[in-house]
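# Structural features, examined
If you want the building blocks of each chain, they are given just below.
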Amino acid sequence: MNRIRQVARLQMPAWPQILGWTWSMMAVTFGINLLTFMANYDPGDGVTNTGGLVSLCGIAIGMATVSVTQIFPYALGMSVTRREFYLAWSLLAVVQSVVYALVLYLLRAVEQATGYWGMGMRFFGLPFMDDANPVLLLLGYAVPMLVVTHLGILLGTLYLRWGATGVLAGLTLAFTALGLAAALITWTRQWHAIGRWLLDQSPTALLAGWPVPVAAAFAVGGYRLIRRATA
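A quick note: this is a predicted structure, and the numbers were derived from the prediction, not measured.

Cut-offs and rules
Residues numbered from 1 in each chain as written. Predicted model: local features only at pLDDT ≥ 70, side-chain atom pairs only at ≥ 80, totals over all residues. Heavy atoms only, no water. Helix = DSSP H or I, 4+ residues; strand = E, 2+ residues; numbered from the N terminus. Buried < 20%, exposed > 50% of the residue type's maximum accessible area, 1.4 Å probe, protein only. Areas by Shrake-Rupley, 256 points an atom, 1.4 Å probe, with all protein chains shown as cover. UniProt positions renumbered as here; feature names shortened; annotations may be inferred. Phe/Tyr/Trp six-rings, centres within 6.5 Å; stacked < 30°, edge-to-face > 60°. 1 Å grid on protein atoms, 1.4 Å probe; cavity = no way out; pocket = protein on both sides within 12 Å on 5 of 7 lines; lining within 4 Å. Points joined across faces, edges and corners; volume = space filled by probe spheres on them. Nonpolar A, V, L, I, M, F, W, Y, C, P; charged D, E, K, R; others polar. Polar contact = N/O pair within 3.5 Å; in protein donor to acceptor, adjacent residues only side chain to side chain. Patch = residues over 30% accessible without salt bridge, like charges linked within 9 Å, V, L, I, M, F, W, Y side chains within 5 Å. Salt bridge = Lys/Arg side-chain N within 4 Å of Asp/Glu carboxyl O. Core = buried A, V, L, I, M, F, W, Y, C linked by side-chain atoms within 4.5 Å. Axes fitted to C-alpha atoms, helices over the stretch in contact; angles between N-to-C directions. Parallel < 35°, antiparallel > 145°, perpendicular 65-115°, else oblique. Left-handed = near helix turned anticlockwise from the far one by under 90°. Contact = heavy atoms within 4.5 Å.

Check the secondary structure of the chain and you find nine helices and two strands. Listing every helix and strand of the chain by position from the N terminus yields α-α-β-α-α-α-β-α-α-α-α. Principal-axis analysis of the C-alpha atoms gives the chain an extent of 60 × 45 × 30 Å. Per-residue burial over the chain gives 36% buried out of 231 residues. Element-wise, carbon and sulfur atoms account for 69% of the exposed surface of the chain, whose accessible area totals about 12900 Å².

Take the UniProt feature "transmembrane region" (unreviewed entry) in the chain next. UniProt annotation of "transmembrane region" (unreviewed entry) refers to residues 21–41, 53–74, 86–107, 135–160, 167–187 and 207–226 when read in the numbering used here. The distance from the first to the last C-alpha atom of residues 167–187 is 30 Å, and the span holds 100% helix and 0% strand. In the segment residues 207–226, helix accounts for 95% and strand for 0%; the C-alpha atoms at its two ends are 28 Å apart.

So, on to the packing of aromatic side chains. Counting across every chain of the model gives nine aromatic pairs. Summarising the aromatic geometry, the rings of Trp117 and Phe124 are spaced 6.3 Å apart at their centres and angled 70° between planes, so their arrangement reads as edge-to-face. For Trp117, a relative accessible area of 22% translates into the label partly exposed. In textbook terms, an aromatic cluster arises when at least three aromatic residues are bridged by ring pairs, as seen for Phe30, Trp117, Phe123 and Phe124.

Moving on: the layout of surface pockets. Once rolled over the atoms, a probe with the size of a water molecule shows which space is left empty. Roughly 290 Å³ of internal volume is contained in the largest pocket. Forming the boundary of the largest pocket are 19 residues, of which Leu53, Val54, Cys57, Leu126 and Pro127 lie nearest the centre. Looking at the lining of the largest pocket, the elements with two or more residues in it are helix H3 (53–77) and helix H6 (134–187). Per-class residue counts for the lining of the largest pocket are 12 nonpolar, six polar and one charged.

A word on the environment of His150. Its location among the elements puts His150 in helix H6. Residues His150 and Thr230, 80 residues apart in the sequence, show an inter-C-alpha distance of 19 Å. Side chain to side chain, His150 and Ser90 meet in a polar contact 3.5 Å long.

A surface patch of nonpolar side chains, amounting to about 390 Å² of accessible area, comprises Trp197, Leu198, Leu206 and Trp210. Within the secondary structure, Trp197 is located in helix H7 (residues 191–200). Its relative accessible area of 40% is what places Trp197 among the partly exposed residues.

Within the element layout of this structure, Thr81 appears in the loop between H3 and helix H4 (82–113). Residue Thr81 is classed as partly exposed on the basis of its relative accessible area, which comes to 39%. Taking the C-alpha atoms as reference, Thr81 lies 36 Å from Tyr105; in sequence the two are 24 residues apart. In terms of polar contacts, Thr81 uses its side chain to reach the backbone amide nitrogen of Glu84, at 3.1 Å.

Attention shifts here to the nonpolar core. In terms of nonpolar packing, the biggest core is built from 44 residues, with Phe85, Trp89, Phe124, Tyr141 and Ile153 touching the most fellow members. Put simply, the parts of the chain that give this core at least two residues each are helix H1 (2–10), helix H2 (15–40), H3, H4, H6 and helix H9 (211–226). Element by element, the count of residues in this core is highest for H3, at 10 residues. With five residues, the next largest nonpolar core counts Leu154, Leu158, Val167 and Leu225 among its residues.

Right, let's get into the packing of H2 against H3. Interaxial distance between H2 and H3 falls to 10 Å at its minimum, and their mutual angle equals 155°. Overall, the two elements H2 and H3 adopt an arrangement that is roughly antiparallel. Where H2 crosses over H3, the handedness of that crossing is right-handed. Residue-level contacts link Gln17, Ile18, Trp21, Thr22, Trp23, Met25, Met26 and Thr29 of H2 to Ser55, Leu56, Ile59, Met63 and Ser67 of H3. Taken together, the residues that form the contact of H2 with H3 break down as eight nonpolar, five polar and no charged.

Have a look at this one:
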């Protein structure tokens, strides 16, 4: 474990750029949403969800992918094994997800204290979790962030293993599988049953429960790929 922490510290110099770019882009997204709401504000509209947190997920995927591909060659040059590198990155992914969850929790508090920025704009809040206790709310932020960060790491390991062709092929296969699954569900007329099952799940289960095995699958896939990756 000490060795993993040492390897994790090798990657810390990249964190200022990761955090700086991530939250700068989030600030731009927030500003655009705020200007849009200012132009169309109607006091009778109530609280409206912007889905702004989806942008943070996209940014996190991109930053994780780029960071893995840039730091991996340097780590190998420092005699770091692939296993140590990947476990250190997974540890940093957990830490990053917790830090982001704390920041989002505080921004949500500010959002609510200002009456949703004075215009009913819910940007940082999680839908359907207004009454959740702080622990569950933090998990609702942290677990999805862990999923998307490990997805970014998985894409990075795909690039290290097979280059841009591997990433594009992987994305093509994933979208094809999703499309075929959607077609099968439509053909068997199961959308209503799936929707009913989703409605029966608690927000905590959807945000902090079911995503856990998805994150684990991404983590295992990335680990298996990086064992044969080259710088």
